[in-house]
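# Structural characterization, general
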Amino acid sequence: MSLYPADTFNFISKMTPRRFYNAAKVVSSFYYSRMTGKPIQWGSPFTISFEPTTACNLRCPECPSGLRAFTRPTGNLKEDFFKETIDQMYKDLMYLIFYFQGEPYINPKFLDMVEYASKKGIYTITSTNGHFLNDENSKRTIESGLDRMIISVDGTTQEVYENYRKAGKLENVLRGAENIVKWKKKLNSKKPHTIFQFLVVKPNEHQIPEIYDLAKKIGIDEVKLKTAQVYDYANGNPLIPSLDQYSRYAKQEDGSYIVKNELLNHCWKLWHSCVITWDGMVVPCCFDKDAEHRLGDLKQQDFKTIWQGPVYQNFRKQLFKGRDQIDICTNCTEGCKVWA
């Protein structure tokens, strides 16, 4: 992973003694738990993902939001609930990821919530498909204090792009990226650190060199290549890349596929992070897209009670017994990202 001095300095500038101490407690409790096989949690999460919405304008084939396949309720995160939750957590938080499912900019209060978190000194990140970055939203994005923006650009031509980004218009995405770069310059801002994220699938793998050229031409700070999670992979899938280094799955002699990564019976995410859905459900990680493993409800309990409570601890305990027994873990390839 490349280092970008301005972005690194920006993150370090938000560190406080309390946040550093909390992170030390989280790391030490994770390794202590691994050594003893008993889940101990001494700190609070220093990373959370907050879901602005479950709605999306696209129809991506491996995304529950794009497929309209949720069994859980759909809706938008409410600003007052968001502020109440952040007020409970911000003193220990380093990262706030404004993304889980859906397209964040569909929520009309999204940038107001980014601004609120930024004023609390939290490093803020979002991931967008780029279709809502008109001139006004781009200017407001810079003014909100957003620290990092990931823009999904999974092709350098419309024909290739739409193989995965169904109903998407590459022209709109690139215009939106140009708007962000333009307003960064106009407002003399180094933020947000901009990233073109290229989800490598078989239809677009031949365009990997071109995405770097396109990013440079527009003025994007960084390109990241990401491997694709597919649900129906066992018998092959037309999205699985032919370039092995960009695939999460390994082909077997009989023609079937398996997940490359070994399922270790522990998971760092259950110690340092969590995901909060738009309606206040706390779930273990981003692989629980339909919020089936609900560890608590922030409309009923405060976060600390949930984080240290028996339901969360029992889930951590299950990890030590066998991740292959937990459905959301069986297609987990944490650590399989390919960083440019």
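Structure's up top.
From a predicted model like this one, the values you see are computed outputs, not experimental measurements.

This brings us to the overall build of the protein. Along the backbone of the protein there are twelve helices and eleven strands. Relative to the 2.2 N^0.38 estimate, which gives 20 Å for 340 residues, the radius of gyration of the protein is 20 Å and therefore close to what a compact globule would have. In terms of overall dimensions, the protein has C-alpha extents of about 55 × 50 × 40 Å along its principal axes. Counting all 340 residues of the protein, 56% fall into the buried class. Carbon and sulfur atoms provide 52% of the accessible area of the protein, an area that totals close to 15,700 Å².

Position of aspartate 297 relative to the elements: it lies in strand β11 (residues 296–297). Here aspartate 297 occupies a buried position and makes no salt bridge, while the nearest side chain of opposite charge, lysine 299, is found at 5.9 Å. Here lysine 299 takes part through its backbone nitrogen, which lies 2.9 Å from a polar atom of the side chain of aspartate 297. With near-sequence residues (within four places) excluded, aspartate 297 lies in contact with Asp279, Gly280, Met281 and Ile306.

Turning our eyes to something else, we now look at empty space enclosed by the protein. What the rule picks out here adds up to two cavities of 30 Å³ or more. Taken together, 13 residues make up the lining of the largest cavity; nearest its centre are Cys267, Cys285, Arg323, Cys329 and Cys332. Contributions of two or more residues to the lining of the largest cavity are made by α10 (269–272) and α12 (310–321). Of the residues contributing to the lining of the largest cavity, the split by class is ten nonpolar, no polar and three charged. Estimates place the volume of the second largest cavity at around 40 Å³. Together, Thr227, Ala228, Val230, Leu239, Ile240, Pro241, Tyr246, Ser247, Arg248 and Tyr249 line the second largest cavity.

Here the focus is the packing of aromatic side chains. All told, the structure shown has 17 aromatic pairs when counted by the stated rule. Centroid distance phenylalanine 11 to tyrosine 95: 4.9 Å. Interplanar angle 20°. Geometry classified as stacked. Pair noted here: phenylalanine 11 is in helix α1 (residues 5–13) and tyrosine 95 is in strand β2 (residues 95–98), with a separation of 84 residues, a long-range link. What makes phenylalanine 11 buried here is its relative accessible area of 17%. Judged by relative accessible area, which is 27%, tyrosine 95 ranks as partly exposed. On the basis of an interplanar angle of 70° and a centroid distance of 5.2 Å, the ring pair of phenylalanine 30 and tyrosine 31 is categorised as edge-to-face. Overall, tyrosine 31 belongs to the partly exposed group, its relative accessible area being 46%. Its end group placed over the ring of tyrosine 90, lysine 120 keeps NZ or CZ at 4.4 Å from the ring centre. Above the face of the tryptophan 271 ring, arginine 316 is positioned so that its terminal group lies 5.7 Å from the ring centre.

Ile48, Phe50, Phe82, Ile86, Leu96 and Phe196 are the most contacted members of the largest nonpolar core, which totals 91 residues. Of the residues forming this core, the biggest block, seven residues, is contributed by helix α8 (residues 170–186). Residues within four places of isoleucine 86 in sequence aside, it is in contact with Ile48, Phe50, Leu93, Leu96, Tyr116, Lys120 and Ile122.

Before going further, it helps to examine α12. Since one α-helical turn is 3.6 residues long, residues separated by three or four positions face the same way. The end-to-end C-alpha separation of α12 is 16 Å, in line with the 16 Å expected for twelve residues at 1.5 Å each. Looking only at α12, the buried set comprises Tyr312, Gln313, Phe315, Arg316, Leu319 and Phe320. Along the axis of α12, the buried positions cluster into a sector of 160°, meaning they face one direction only. In α12, the exposed residues that point more than 90 degrees away from the buried face are Pro310 and Lys321. Against the buried residues of α12 lie α2 (17–36), α10, β9 (273–276), β10 (281–283) and α11 (303–307). Once α12 finishes, glycine 322 follows within two positions and takes phi at roughly 155°, a positive value.

Burial of the side chains of β2 is restricted to one face: Leu96 and Phe98 are buried, whereas none of Tyr95 and Ile97 on the reverse face is. Across three bridges, the pairing between strand β1 (residues 47–50) and β2 is parallel. Counterpart to threonine 47 in the pairing with β2 is tyrosine 95. Summarising the sheet, β2 and strand β3 (residues 123–128) pair through four bridges and their orientation is parallel. Across the sheet, the residue bridging to phenylalanine 98 is threonine 126, located in β3. Regarding the hand of the β-α-β motif, the stretch spanning β2, helix α5 (residues 110–119) and β3 is right-handed.

Here is what the cut-offs are and how they apply
Residue numbers restart at each chain and count upward from 1, following the sequence in its written direction. Two thresholds apply to this predicted model, a pLDDT of at least 70 for residue-level local features and 80 or more for giving and counting side-chain atom pairs, whereas whole-chain, interface and lining totals are computed over all residues. Note: side-chain values were computed over all heavy atoms of the structure, leaving out hydrogens and water. Helix and strand definitions follow DSSP, with helices as H or I runs of at least four residues and strands as E runs of at least two, each counted in order from the N terminus. Each radius of gyration is computed over the set of C-alpha atoms, and the globule rule expresses the reference value as 2.2 Å times the number of residues to the power 0.38. Exposure classes here rest on a 1.4 Å probe applied to the protein chains alone. A residue is buried below 20% of its type maximum, exposed above 50%, and partly exposed in between. For the accessible areas, the method is Shrake-Rupley and the probe is 1.4 Å, while residue cover comes only from the protein chains on display. Only four residue types enter the tally: Lys and Arg on the positive side, Asp and Glu on the negative side; His and the chain ends are excluded. A pairing counts as a salt bridge when a side-chain nitrogen of Lys or Arg comes within 4 Å of a carboxyl oxygen of Asp or Glu. Polar contact is defined as a pair of N or O atoms within 3.5 Å, subject to the rule that within protein one atom must be able to donate a hydrogen and the other to accept it, and that residues adjacent in sequence are counted only when both atoms are side-chain atoms. Note on definitions: a residue-residue contact is assigned when non-hydrogen atoms from the two residues lie within 4.5 Å. Points on a 1 Å grid, built from protein atoms alone, make a cavity when a 1.4 Å probe fits but cannot get out and make a pocket when they are open with protein on both sides within 12 Å along at least 5 of 7 lines; residues with an atom within 4 Å of a point are the lining residues. Grid points are joined across faces, edges and corners, and a volume is the space filled by probe spheres set on the points. All amino acids are sorted into three groups, where Ala, Val, Leu, Ile, Met, Phe, Trp, Tyr, Cys and Pro are nonpolar, Asp, Glu, Lys and Arg are charged, and the leftover types, Gly among them, are polar. Between rings of Phe, Tyr and Trp, where Trp is taken as its six-membered ring, a pair exists when centres lie within 6.5 Å; planes separated by under 30 degrees are stacked, by over 60 edge-to-face, and by other angles tilted. Only Lys NZ and Arg CZ are tested; either one counts as a charge over a ring when it is within 6 Å of the ring centre and within 35 degrees of the ring normal. Residues grouped as a nonpolar core are buried Ala, Val, Leu, Ile, Met, Phe, Trp, Tyr and Cys residues, joined through side-chain atoms within 4.5 Å. By definition here, a helix of n residues has an expected span of 1.5 Å times n minus one. Note that the arc is computed from the directions linking the helix axis to the C-beta atoms. At least two bridges found by DSSP between two strands is the condition for calling them paired. A crossover gets the label right-handed when its path from the first strand over the helix to the second runs clockwise, viewed with the strands pointing away from the viewer.

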